[in-house]
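# Structural description and commentary
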Amino acid sequence: MLRLGPGEYFGRIIDRQSIGPLAITTTRYLPGEVLPRHSHDHQYLFVMLAGEMRETALRRDNVCSRGWLVYNEVGEPHCDEVCSHGAEGLNIELPAEWLTKYRFGRRSGEPFFYRHAGPAVTAVGVIQLALRSSDTLRTLAVEEAVIGLLESVCQPVARPGRGVSWLDRAEKAIRTNYCTGMRLDSIADEVGVHPAHLCREFHRKFGCTMTHYAARLRSDDALSRLLSSTVPLAPIAAQTGFADQAHLTRSIRRFFGTTPGKLRRDA
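A brief report on the enclosed structure follows. Predicted model, so just to flag it, every value in this text is computed and none were measured. (Residues numbered from 1 in each chain as written. Predicted model: local features only at pLDDT ≥ 70, side-chain atom pairs only at ≥ 80, totals over all residues. Heavy atoms only, no water.)

### Thoughts on helix α7 (residues 210–228)
Between its first and last C-alpha atoms α7 spans 27 Å; for 19 residues at 1.5 Å apiece the expected length is 27 Å, and the two agree. Burial runs high along α7: 14 of the 19 residues are buried. (Helix = DSSP H or I, 4+ residues; strand = E, 2+ residues; numbered from the N terminus. Expected span 1.5 Å × (residues − 1). Buried < 20%, exposed > 50% of the residue type's maximum accessible area, 1.4 Å probe, protein only.)

### Some thoughts on the layout of surface pockets
Size it by volume and the second largest pocket reaches roughly 760 Å³. As for the second largest pocket, its lining consists of 29 residues, of which Leu49, Ala50, Arg66, Gln128 and Ser224 are closest to the centre. Within the residue set of the lining of the second largest pocket, elements represented by two or more residues are β2 (12–19), β3 (22–29), β5 (44–57), β8 (78–93), α2 (122–131) and α7. The element contributing the most residues to the lining of the second largest pocket is α7, with seven residues. Grouping the constituent residues of the lining of the second largest pocket by class yields 10 nonpolar, nine polar and 10 charged. (1 Å grid on protein atoms, 1.4 Å probe; cavity = no way out; pocket = protein on both sides within 12 Å on 5 of 7 lines; lining within 4 Å. Points joined across faces, edges and corners; volume = space filled by probe spheres on them. Nonpolar A, V, L, I, M, F, W, Y, C, P; charged D, E, K, R; others polar.)

### Section: the nonpolar core
Among soluble globular proteins, nonpolar side chains are generally buried collectively. Core analysis: the largest hydrophobic core is formed by 45 residues, its most contacted members being Leu45, Ile92, Leu94, Val146 and Leu149. It is helix α3 (residues 138–153) that contributes the most residues to this core, seven residues altogether. Core analysis: the second largest hydrophobic core is formed by 15 residues, Ala222, Leu227, Ile252 and Phe256 among them. (Core = buried A, V, L, I, M, F, W, Y, C linked by side-chain atoms within 4.5 Å.)

### Considering helix α6 (residues 195–206)
The terminal C-alpha atoms of α6, which comprises 12 residues, lie 16 Å apart, in line with the 16 Å expected from a rise of 1.5 Å per residue. Those residues of α6 that fall on the buried side of the exposure criterion are Leu198, Glu201, Phe202 and Phe206. Across the axial projection of α6, the buried residues extend over an arc of 110 degrees, all falling on one side. If you follow the buried residues of α6, they end up packed against α4 (166–177), α5 (184–191) and α7. A positive phi of about 75 degrees marks Gly207, the residue just after α6. (Arc of directions from axis to C-beta. Contact = heavy atoms within 4.5 Å.)

Structure (structure tokens):
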């Protein structure tokens, strides 16, 4: 089995930066590319930016797309297969003392984390924008965003054998349908609970309302399309479920502190 040292990754390295104590390497992968079984001599958080990748570890397959997080400890063996549209992601090396300071790390019985960022999904775009910026506040922005992602990864999950909780099913329903519109009764019926109970417990677990979560997902989707294409704003607004271009602009400003026009000019 191959062992990779700090800063060593498969795929094509398209950017490498040091942000405070964090070394961040952006890698891009070709459609159908297969990464052999390997491990790393450092702990790191992999953040999916685009495309899809299937990672196999402990005889389990995990298919990850934008907003998914993979947390690997030192020496964790895994192999990967890139799906048909290729993939791109951030490899964020995490200093041991930094993890200890902020009380993150391995939990008993869970050597791997494969989780969607959930309501922290907008932190992915914040990191992307900070890596492109020369703003003196970008280090703070990245550190805050990475902590937010790690906190989302370290939320409790269903124990093996108990299946996915109804709250996790509700979260997945929102993540799947945020572009097309949803009804509270429909989500409650799908997961089998009273709508009022759903609203209370969703906010208690995820720290925001379902509407706010859907708005974050929609804004992250729009940001990804803005950064990776030259498609005009109006079609992007329609594709991601906004009422119009002005609605898209307000949402991007709200969650990312900039506007689609400025993003396009900077790019």
